[in-house]
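What the coordinates show
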Amino acid sequence: MITSSWLARVIVTPKPVVNDPQGLTVAQGLRTLGFDEVHGVRIGKYIEIEVTAEHRREARERVEEMCRKLLANHVIEDFRFEVEEAPAELPTG
Amino acid sequence: MRFGVVVFPGTWSDRDCGWVIDQVLGAELRYLWHKDRDLQGCDCVILPGGFSHGDYLRTGAIARFSPVMESVAEFAGRGGLVWGICNGFQILCEAGLLPGALIRNDALQYRCEWTNLVCERTDTAYSSLVERRQVLRIPISHGEGNYFADPPTLSRLEQQGQVVFRYADERGFVVPAANPNGSIHNIAGIVNERGNVLGMMPHPERAAEAVVGSADGIFLFRSVIQSAMKVLSA
């Protein structure tokens, strides 16, 4: 069986209806620095996951399941991700 | 009457709960390790405060998958008393045993201070010995206690009277100034529809003896004992 290594980049963001005090505070900080054009900041999470799967589709399905089960809380967060083929690991030693 | 206190890696209020249960009340106590599934015949299971699994990812997100939580969910499904305090409330929301979520305090600060709670439900297993509209002085200690629920969930909670405690002023008025963390509708504690699962951010186990500044928390523990005794003798 040929399997490949995949790298998933997951982004989790607070839902628009959820107040994001961290983002509001950073927006204020940016304006204090003179970035007057800033009118919104939202802070989420960026997660990289290395997975082994036969096909990209399989890798995507598994990562989506991970997001639903653990990485994002659907009550307060949205998620999105992309999956790219990771370079094969070279044997060491 | 036997209480079970669940211990996760990073739990810190287990001994405070244990002290109240066996030293102040003289009730039976079992500590339940999070990897065990046996609830040891406990009549009430407490998920205590702390930072289970370092609060990594989200508060309570990892703890909800501990083996003990399968037994806790099954126990709750049978009508068993499950009481989440602080981190325990966060875990119950993550596990879907209570609606909503707890997000970061609106002031971004960790808040460790006394609060006044007004009790709006005195017919639950946790509050039967509390007078209606009684104000309880009980402390909070959290960075993520800002209760959030989407509008349909919130109106369902309110319509069904699932809000048990709200942050209030000393006279029991629910005002914005008494809200320590930005919780929607000043919500400090809720029960599930059936009333057997309670989640609350304040710490009654830290206000159960006059020597620590307030003994109001003892009403909750005594209510649980009274309710469990009724069930046991029925």
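Residues take numbers from 1 onward in each chain, read along the sequence in its written order. Written order determines the labels here, with chains lettered from A and ligands numbered from 1. Only residues with pLDDT of 70 or above have their local features reported here, since the model is predicted, and side-chain atom pairs are shown and tallied only from 80 upward, although totals for entire chains, interfaces and linings are computed over all residues. Only hydrogens and water are removed before side-chain values are computed, so all heavy atoms of the structure are retained for them.

So, unusual backbone geometry
All names here are of chain B. Unusually for a residue other than glycine, Cys86 sits at a positive phi of about 60°. Position of Cys86 relative to the elements: it lies in the loop between strand S4 (81-85) and helix H3 (87-94). By relative accessible area, which is 4% here, Cys86 ends up buried. Although it is not a glycine, Asn186 adopts a positive phi angle of roughly 55°. Helix and strand labels come from DSSP, where a helix needs a run of H or I of at least four residues and a strand needs a run of E of at least two; each type is numbered from the N terminus. Partly exposed describes any residue whose relative accessible area lies between the buried limit of under 20% and the exposed limit of over 50%, with all areas from a 1.4 Å probe on protein chains only and scaled to the type maximum.

Notes on the side chain of Asn105(B)
Tracing the chain through its elements places Asn105(B) in the loop between strand S5 (101-103) and strand S6 (111-119). By relative accessible area, which is 0% here, Asn105(B) ends up buried. Not counting residues within four places of it along the chain, the set of residues in contact with Asn105(B) comprises Pro21(A), Tyr110(B), Arg111(B), His142(B), Gly143(B), Glu144(B), Gly145(B), Asn146(B) and Asn181(B). Here, two residues are considered to be in contact whenever any of their heavy atoms come within 4.5 Å of each other.

Notes on the interface of chain B and chain A
Between chain B and chain A, the residue contacts involve 15 residues of the former and 16 residues of the latter. For the chain B and chain A pair, buried surface summed over both sides reaches about 1,300 Å², with 69% attributable to carbon and sulfur atoms. The three residues of chain B that bury the most area against chain A are Leu57(B), Arg58(B) and Phe148(B), which together make up 41% of that side's buried surface. We define a salt bridge as a contact between a side-chain nitrogen of Lys or Arg and a carboxyl oxygen of Asp or Glu at a distance within 4 Å. At the surface where chain B touches chain A, the tally comes to 1 salt bridge. When the shortest N-O distance is used, the salt bridge between Glu77(A) and Arg58(B) registers 3.6 Å. Buried area: the accessible surface (1.4 Å probe) lost by two parts on joining, summed over both.

Here we look at H3(B)
Because an α-helix completes one turn every 3.6 residues, residues spaced three or four positions apart along the sequence face the same direction. With 8 of 8 residues buried, H3(B) lies mostly within the body of the structure. One or two steps after H3(B), the chain reaches Gly96(B), where phi turns positive at roughly 80°.

A word on the sheet that holds strand S1 (residues 4-14) of chain A
Residues and elements named next belong to chain A. Strands pair, by our definition, only if DSSP identifies at least two bridges between them. Across the sheet, 3 strands lie side by side as S2-S1-S3; this open sheet has antiparallel pairing. Sheet topology places strand S2 (45-53) and strand S3 (77-85) at the edges, where each strand pairs with a single neighbour. For this sheet the average axis-to-axis angle between neighbouring strands, irrespective of direction, equals 25°. Note: S1 against S2, 9 bridges, orientation antiparallel. Looking at S2, one finds that Val12 is bridged to Lys45. Interaxial angle, 0 to 180 degrees, is taken between N-to-C directions of lines fitted to C-alpha atoms, where a helix line uses only the stretch in contact.

A few points about the pairing of strand S1 (residues 2-7) of chain B
Residues and elements named next belong to chain B. Extensive coverage of S1 is indicated by the burial of 5 of its 6 residues. Direction of pairing for S1 relative to strand S2 (residues 28-33): parallel, over a ladder of 6 bridges. Across the sheet, Phe3 pairs through a bridge with Leu29, a residue of S2. Seen with the strands pointing away from the viewer, any crossover whose path from the first strand over the helix to the second strand runs clockwise is right-handed. Between the parallel elements S1 and S2, the chain passes through helix H1 (residues 14-24) in a crossover that is right-handed.

Digging into the environment of Pro9(B)
Residues and elements named next belong to chain B. Locating Pro9 in the fold gives a position in the loop between S1 and H1. Along the primary structure Pro9 and Ala63 are separated by 54 residues, whereas in three dimensions their C-alpha atoms are 8.8 Å apart. Setting aside residues no more than four positions away along its own chain, Pro9 makes contact with Trp33, His34, Phe51, Ser52 and His53.

Quick notes on the nonpolar core
The term nonpolar core refers to a set of buried residues drawn from Ala, Val, Leu, Ile, Met, Phe, Trp, Tyr and Cys, joined through side-chain atoms within 4.5 Å. Core analysis: the largest hydrophobic core is formed by 67 residues, its most contacted members being Phe3(B), Ile46(B), Trp83(B), Tyr147(B) and Phe165(B). With 6 residues, helix H5 (residues 218-233) of chain B is the single largest residue contributor to this core. Trp83(B) has contacts with Cys44(B), Val45(B), Ile46(B), Leu47(B), Tyr126(B), Leu198(B), Met200(B), Pro204(B), Leu220(B), Phe221(B) and Val224(B), leaving out every residue within four places of it along the chain. The next biggest cluster of nonpolar side chains, apart from the first, holds 15 residues, and it includes Ile49(A), Val51(A), Ala72(A) and Val83(A).

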